Number of protein chains: 4
Amino acid sequence: MTEHAREPIRIAVAGASGYAGGEVLRLLLGHPSYADGSLLIGALTAGGSAGSSLGSHHPHLLPLADRILEDTTVETLGGHDVVFLGLPHGNSAQYAKALPESTVIIDCGADFRLSDADDWERYYKSPHAGSWPYGLPELPGAREKLTGATRIAVPGCFPTVSSLALAPAVAAGVVEPRVTIVAVTGASGAGRAPKADLLGSEVMGSVRAYGVGGVHRHTPEIIQNLSALAGERVTVSFTPVLAPMPRGILATCTAVTTASEDEIRAIYEKAYADEPFVHVLPAGMLPQTGAVTGSNAVQIAVTVDADAGQLVVVAVIDNLTKGTAGGAVQSMNLALGLPETAGLSTVGVAP
Amino acid sequence: MTEHAREPIRIAVAGASGYAGGEVLRLLLGHPSYADGSLLIGALTAGGSAGSSLGSHHPHLLPLADRILEDTTVETLGGHDVVFLGLPHGNSAQYAKALPESTVIIDCGADFRLSDADDWERYYKSPHAGSWPYGLPELPGAREKLTGATRIAVPGCFPTVSSLALAPAVAAGVVEPRVTIVAVTGASGAGRAPKADLLGSEVMGSVRAYGVGGVHRHTPEIIQNLSALAGERVTVSFTPVLAPMPRGILATCTAVTTASEDEIRAIYEKAYADEPFVHVLPAGMLPQTGAVTGSNAVQIAVTVDADAGQLVVVAVIDNLTKGTAGGAVQSMNLALGLPETAGLSTVGVAP
Amino acid sequence: MTEHAREPIRIAVAGASGYAGGEVLRLLLGHPSYADGSLLIGALTAGGSAGSSLGSHHPHLLPLADRILEDTTVETLGGHDVVFLGLPHGNSAQYAKALPESTVIIDCGADFRLSDADDWERYYKSPHAGSWPYGLPELPGAREKLTGATRIAVPGCFPTVSSLALAPAVAAGVVEPRVTIVAVTGASGAGRAPKADLLGSEVMGSVRAYGVGGVHRHTPEIIQNLSALAGERVTVSFTPVLAPMPRGILATCTAVTTASEDEIRAIYEKAYADEPFVHVLPAGMLPQTGAVTGSNAVQIAVTVDADAGQLVVVAVIDNLTKGTAGGAVQSMNLALGLPETAGLSTVGVAP
Amino acid sequence: MTEHAREPIRIAVAGASGYAGGEVLRLLLGHPSYADGSLLIGALTAGGSAGSSLGSHHPHLLPLADRILEDTTVETLGGHDVVFLGLPHGNSAQYAKALPESTVIIDCGADFRLSDADDWERYYKSPHAGSWPYGLPELPGAREKLTGATRIAVPGCFPTVSSLALAPAVAAGVVEPRVTIVAVTGASGAGRAPKADLLGSEVMGSVRAYGVGGVHRHTPEIIQNLSALAGERVTVSFTPVLAPMPRGILATCTAVTTASEDEIRAIYEKAYADEPFVHVLPAGMLPQTGAVTGSNAVQIAVTVDADAGQLVVVAVIDNLTKGTAGGAVQSMNLALGLPETAGLSTVGVAP
């Protein structure tokens, strides 16, 4: 018996009744370290739902159905080795300050994603809390910062897919630094707080755009990621579209290019050759979100429209898995020194 | 009693078992000229489905449920004043030649949409049949050509929404002649021929891109429309995306601009001020396809992303109504001298 | 010009921001008396949404999009000839008392549906307000009471479809007075108040039962209707199931029988021979809710499972149209002496 | 290193391009014996799709995407220790005869489910092939027959959920032997062969009944299971309903009872106390199919409608997992002496 086995890692999840928290728990329940007992699921906390059973919110998490949600407080979250935060933005800093520096805090919210305080204040209308290592290991330099980290900012779902879709082309300088992204998302990206315009009756049978014109809060995060790769400011037109499905994002990313499709695909294949979760599709195949449901995979198709002189990259992820909780668990694995892919799969649930 | 009442208009629908044919019939059943007996629904024809009842294909068309589908032949279609064609492309020319010149033929297919033979042959891999007056009355000059016409090419669904979304800006020269269109569509746009990748199990819970990279056949039609307005070749990057819903298209159209949102909205409001079916939304409202289900309306939101220097126009239609059969009936009304809006509505069925 | 034309009927809709109110307005916009100006849409009122535009709630009602919602008060509703009430239960009686007896009040809520005060109090936990003529003209004796009525209780959506599905068999005494009904409904039946378990993410990709075990409030209403027809207490096991679609109910109704399918179908065909909205499907055809979307039609399939000794009737309606607002407008037509079918259709919007 | 590790189990899947075959592969990819190399995925075969890549049919099975499908022949399937058959009915017997008796053959089709030849011939219109141990370990006596078996008939999806929903009550004799089952299913239950009435446009936004009146082929299988438990012929009225979702079945099962809800729930809790996949919900909770998506769980709610004198049991499964491939893998585990739950989960993917 190893020392590891004698001192299991204790994990708390704040915001366990929400979609991000639920997905973190779903992945932890399938994590090999949970199966062998070296990882324990400790406190599950919530705001208004404290006192109710986890099963009343997440009946799909059958092994934890009888767990009672506790209040989200420093006391409740204390005494854990890892704390996942799935809270409304602006709420993470207080826990980050109060919990020991050795506690691995993985923030699924936005608070520590942006490094530029002005960007933060412009888009979030509140004081900037700072920035943490960015939980997208596939970006150049990111994996190193996550290994052994104790504070991690999980990227937004749209920045995850958009950045991975465009990173190789932008980093290689084969596109002009002006990109257009239209990303179609499932409804879970809007969270679980009840709103009339997110009712099933409103969402089903209809698509709608929202946050048009650069006002969506994920815009500065995408710009931050791509500009760092380009070494210059990248202009981004980002439009999110809500589609009638629970999960998944499909991002269509276009940028002016003079390179050929073969050239650019070669750049992508090289960039992602060793990435366990990023799959560049062969020529002629196009991705669908249904293929990545519940998985941590990113599927990317690279196309050049020679008539239009445009690179068109289409990429899909599951917004709750790779786009939130999967990225969070992948980052946790790096932080704890576990195999990066532990508990994560490239196999989706389809149809 | 007027002469009109004594000699009702007889209408035939070829391809009545398909979605375009069914939607033409749905609209005709609600047409005031059908209600007053001045418009009769004559032969309903089909290919492989000939001999079966219309009700077995379209149980929603209850008043015609017992009608038996006939074979699509020149003989069956002859003797009608108006013939709607909802046939696979390449099949319309034979009926156009064989039917009298006085018969109003309204082709819901692609055969007579493109004026450039090279474009046709490149995208459709077959000889060019010619071009007919284009059934999109809202484009400059189009309405005049449709009034009293006896041959009408109904536009494709994507070109309908994309052209109306961009026409005012392109015609006014306030955008660069290079546009990016990502259009999310419901599944009925793919027609009713059974294919495994269009099964409900495949379509639900998933979005996917298709025809990426300028290869979709609606691309040259969009280029044709926009270039005529611009007076120069407009470059178009067009990506269609399939969403899990039966009907509706939402097109997100972006182009570089230096004009302000107010300037451009004023251009749109002026351009569409007298159009009964095109509605420019007030600032701050964004369209959803569910609001136009079953209606002939076009709802358009005009936004400028000043940071990105981009005009972002989001427009919605019902692909089967304004995008196909509604445009066809609107064109029929013009051809026959009926009120243009007869039998068509701006009221959708929602939620 | 008739006197009628000089004094148009003024209609108010209370609860206009909800689904029932919106559907009433959709139907009124297509009513021939609205088109000819003899019917005017007056005050539109709401609770918390007062002050906002109708278009912000119902963007599909384009001709009324700029109307501002007023507070629901006796003053606002006064001065109209017809008042539709789409209010939470328990709120209708106050308006019924305060408005003149000559005002036609059509209550889409439950308050005046049940004649038995004990039933009301058991299921609604509040004092019984009384009972009004029941807005289901197809039930024996109902049409007469609705003609010229000034107070009308619109039936619940489940009782509408269930009662019409079983009435002929129960009235003819060809089934035992013990029926089982499982009714699958779209999400709009639950209304528009935001609740987490009705979010699109929860509803899509999932079906669930609710109100199991006779506790759903529509149960006593179904029993009331069927028992009146049977002349004895009919036992009803009723289970509603929520399906991922906005509209539609499909009710599967079973009861023990010794009669043959042909015998029973003949009873149904005779019972509904003159009903404009009820369609008994030919043998071998089964109904789907998609065929009645937006229409006032009821489609019914009659089957006998000889092995099981059971009659199985499957019936579909649109819960918002025939199940609520369509039944309301049909009743209004009877109350006002207009043609019963005016503004209502048997043609659905499909696919 | 154990002997087991030196001689891995080789598994073939016939019909790998279909939904059943795809789901078997999804589960095998997550099986711990696949992870440790003691279970190998060998030949993947198909009919018309032979020669194409698995990825072109199942892009969600990323680790196997490049595998090429072979023809389904005795030669291809030979040389494996386990063969899963996902073939149209009537095709399994030939492989069962030709393959060695020691090969574990697990038939996801219907061929060997019914023990009564007359039942088979009446419902399937072909000669009876025989009957095999029935792959529903939770039925009394079934688990013993599956342990070490080399021929296994996987139950139909509707019989799985219906039998488990009713078994405890029927076996205990607390209901009359006449049951009514209405089961709402996702579209994948109809398989992947392209048919117009299963197109996404037809399925979305609509529910429909099919196989009404006892004609569905799963009816005799349900009767067989329940009658064996009751010790007398049980009469079954079974109606399947197609709902707009890819996966999941919710079965509402009613039967006359005089017992109380508490009595019957106690019977269920006792019957399933040791079953790893069957979960009896606490009073007041009702199941939803979304909670079991991708999992092997069965969630059951037990309710008594005292007014109606009826037991109403509502149960959910994923039709592709517990209803097909999960039941198949569970049976395989028993046949091979592996832990019964290996590779199977009670955690669903939601929302």
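Residues numbered from 1 in each chain as written. Chains lettered and ligands numbered in written order. Predicted model: local features only at pLDDT ≥ 70, side-chain atom pairs only at ≥ 80, totals over all residues. Heavy atoms only, no water.

Draft legend 1. Seen up close, the nonpolar core. Residues and elements named next belong to chain C. Within the largest apolar cluster, 43 residues are counted, with the highest numbers of intra-cluster contacts made by Ile 181, Leu 226, Val 236, Tyr 268, Ile 300 and Leu 311. Looking at which domains feed residues into this core, each of domain 1 (9–154 + 323–336) and domain 2 (158–319) supplies at least three. When sequence neighbours within four positions are dropped, the list of residues in contact with Tyr 268 reads Leu 164, Ala 165, Leu 166, Pro 168, Ala 169, Val 280, Ile 300, Val 302, Leu 311 and Val 313. (Core = buried A, V, L, I, M, F, W, Y, C linked by side-chain atoms within 4.5 Å. Buried < 20%, exposed > 50% of the residue type's maximum accessible area, 1.4 Å probe, protein only. Domains from an automatic or database assignment. Contact = heavy atoms within 4.5 Å.)

Draft legend 2. Local environment of the relation of the copies chain B and chain A. Turning chain B through 180° and shifting it by 0.0 Å along the axis lays it on chain A, with an RMSD of 0.0 Å. Read as a symmetry element, the transformation amounts to a two-fold axis. (Least-squares fit on C-alpha atoms with pLDDT ≥ 70 in both.)

Draft legend 3. Quick look at the interface of chain D and chain B. Counting residues at the interface gives 19 residues for chain D, matched by 19 residues for chain B. A combined buried area of about 1500 Å² lies between chain D and chain B, and 64% of that area is made up of carbon and sulfur atoms. On the chain D side of the contact with chain B, Leu 199, Ser 201 and Met 204 of chain D bury the most area, a combined 39% of that side's loss. At the surface where chain D touches chain B, the tally comes to two salt bridges. Here Arg 192 of chain B and Glu 202 of chain D are joined by a salt bridge, their closest N and O atoms 3.3 Å apart. On inspection of chain D and its partner chain B, the count reaches eight residue pairs in polar contact (both at pLDDT 80 or more). Of the residues forming the side of chain D that touches chain B, the biggest block, four residues, is contributed by helix H10 (residues 200–203) of chain D. For the side of chain D that touches chain B, the per-class residue count stands at twelve nonpolar, four polar and three charged. (Buried area = accessible area lost by both parts, 1.4 Å probe. Salt bridge = Lys/Arg side-chain N within 4 Å of Asp/Glu carboxyl O. Polar contact = N/O pair within 3.5 Å; in protein donor to acceptor, adjacent residues only side chain to side chain. Helix = DSSP H or I, 4+ residues; strand = E, 2+ residues; numbered from the N terminus. Nonpolar A, V, L, I, M, F, W, Y, C, P; charged D, E, K, R; others polar.)

Draft legend 4. Geometry of the sheet that holds strand E6 (residues 151–153) of chain B. All names here are of chain B. Taken in spatial order, the six strands of this open sheet run E3-E2-E1-E4-E5-E6, and their pairing is parallel. Here the strands that pair on one side only, and so sit at the sheet edges, are strand E3 (70–71) and E6. For strand E1 (residues 9–14) and strand E2 (residues 39–46), the ladder comprises five bridges, and the chain directions are parallel. Residue Ala 14 lies in a different strand from E2, and its bridge partner there is Thr 45. Together, E1, E2 and strand E4 (82–85) form the strand contacts of helix H2 (residues 19–29), whose direction differs from that of E2 by roughly 165°. Each of E1, E2, E4, strand E5 (104–107) and E6 is contacted by helix H13 (residues 321–336), which is oriented at about 155° to E4, the strand it contacts most. (Pairing = 2+ DSSP bridges. Axes fitted to C-alpha atoms, helices over the stretch in contact; angles between N-to-C directions.)

Draft legend 5. Up close: the pairing of strand E13 (residues 310–317) of chain A. Residue and element names in this part refer to chain A. With eight of its eight residues buried, E13 lies for the most part within the structure. Neither face of E13 is left uncovered, since the one carrying Gln 310, Val 312, Val 314 and Val 316 and the one carrying Leu 311, Val 313, Ala 315 and Ile 317 both have all their residues buried. Strand direction decides the pairing type here: strand E10 (residues 249–257) and E13, joined by eight bridges, are antiparallel. For Thr 254, the partnering residue across the bridge sits in E13 and is Val 312. Strand direction decides the pairing type here: strand E12 (residues 298–305) and E13, joined by seven bridges, are antiparallel. If you follow Thr 303 over to E13, its bridge partner there is Val 312. As consecutive antiparallel partners, E12 and E13 are separated by four residues, and within that stretch Gly 309 has a phi angle of approximately 65°, a positive value.

Draft legend 6. Just the UniProt feature "active site" (unreviewed entry) in chain A, in detail. Residues and elements named next belong to chain A. Feature annotation in UniProt places "active site" (unreviewed entry) on Cys 157, given in this structure's numbering. Look at Cys 157 and you get buried, because its relative accessible area is 11%. For Cys 157, the residues in contact, after removing those within four places along its chain, are His 218, Ile 249, Ile 317, Asn 319 and Gly 323. (UniProt positions renumbered as here; feature names shortened; annotations may be inferred.)

Draft legend 7. Summary view of the domain arrangement of chain A. Residues and elements named next belong to chain A. Once the domains are mapped, chain A shows domain 1 (9–154 + 323–336) and domain 2 (158–319). Listed per partner, the contact involves 26 residues of domain 1 and 28 residues of domain 2. Of all residues in domain 1, the largest losses of buried area upon contact with domain 2 belong to Tyr 19, Tyr 123 and Glu 138, amounting jointly to 28% of the total for that side. Summed over the shared surface of domain 1 and domain 2, the number is three salt bridges. Residues Arg 247 and Glu 23 are paired through a salt bridge, measuring 2.6 Å at the closest nitrogen-oxygen approach. Linking domain 1 with domain 2 are 16 residue pairs in polar contact (both at pLDDT 80 or more). Elements with a minimum of two residues in the side of domain 1 that touches domain 2: helix H2 (19–29), helix H7 (117–124) and helix H13 (321–336). Broken down by element, the residue count for the side of domain 1 that touches domain 2 peaks at five residues, all from H13.

Draft legend 8. Molecular detail of the relation of the copies chain D and chain B. When chain D is fitted onto chain B, the two copies agree to an RMSD of 0.0 Å after a turn of 180° and an axial shift of 0.0 Å. The share of interface residues of chain D whose copies in chain B are also at the interface is 100%, consistent with both copies meeting through the same surface.

Draft legend 9. Up close: unusual backbone geometry. All names here are of chain B. The amide bond that connects Ala 350 to the next residue, Pro 351, takes the cis arrangement and shows omega of 0°. Here Pro 351 is to be found in the segment after H13. Not every positive phi belongs to a glycine, and Lys 125 is a case in point at roughly 55°. Mapping Lys 125 onto the fold places it in the loop between helix H7 (117–124) and helix H8 (142–146).

Draft legend 10. Spotlight on the packing of aromatic side chains. Residues and elements named next belong to chain B. According to the stated counting rule, one finds 16 aromatic pairs over all chains in the structure shown. A centroid spacing of 6.4 Å and a plane angle of 65° characterise the contact between Tyr 268 and Tyr 272, whose relative ring orientation is edge-to-face. On the basis of relative accessible area, Tyr 268 is assigned to the buried category, the value being 0%. For Tyr 272, a relative accessible area of 5% corresponds to the buried category. (Phe/Tyr/Trp six-rings, centres within 6.5 Å; stacked < 30°, edge-to-face > 60°.)

Draft legend 11. Main features of the environment of Val 215 of chain A. Its place among the elements puts Val 215 of chain A in the loop between strand E8 (208–209) and helix H11 (219–230). Along the sequence, Val 215 of chain A and Thr 239 of chain A sit 24 residues apart, while their C-alpha atoms lie 8.9 Å from each other.

Draft legend 12. Up close: the UniProt feature "domain: Semialdehyde dehydrogenase NAD-binding" (unreviewed entry) in chain A. On the UniProt side, "domain: Semialdehyde dehydrogenase NAD-binding" (unreviewed entry) is annotated at positions that read residues 10–147 of chain A here. The span residues 10–147 of chain A shows a helical share of 31% and a strand share of 17%, and its end C-alpha atoms are spaced 19 Å apart.

Draft legend 13. Molecular detail of the interface of chain B and chain A. Chain B puts 45 residues into the contact, and the matching count from chain A is 45 residues. Summing both partners gives a buried area of about 3500 Å² for chain B against chain A, and 60% of it is carried by carbon and sulfur. There are two salt bridges connecting chain B and chain A. Residue Arg 122 of chain A pairs with Asp 307 of chain B through a salt bridge whose shortest N-O separation is 2.7 Å. For the side of chain B that touches chain A, the elements supplying multiple residues, two or more each, are H7, strand E7 (175–185), helix H10 (200–203), strand E8 (208–209), strand E9 (235–242), strand E10 (249–257), strand E12 (298–305) and strand E13 (310–317) of chain B. At five residues, E9 of chain B tops the list of elements feeding residues into the side of chain B that touches chain A. By residue class, the composition of the side of chain B that touches chain A is 20 nonpolar, 18 polar and seven charged.

Draft legend 14. The packing of helix H9 (residues 157–172) of chain D against helix H12 (residues 261–271) of chain D, seen in detail. All names here are of chain D. With their axes 9 Å apart at the nearest point, H9 and H12 run at an angle of 110° to one another. Taken together, the axes of H9 and H12 lie roughly perpendicular to each other. Between H9 and H12 lies a crossing whose hand is right-handed. Across from Leu 164, Ala 165, Leu 166, Pro 168, Ala 169 and Ala 172 in H9, the residues of H12 making contact are Ile 267, Tyr 268 and Ala 271. (Parallel < 35°, antiparallel > 145°, perpendicular 65-115°, else oblique. Left-handed = near helix turned anticlockwise from the far one by under 90°.)

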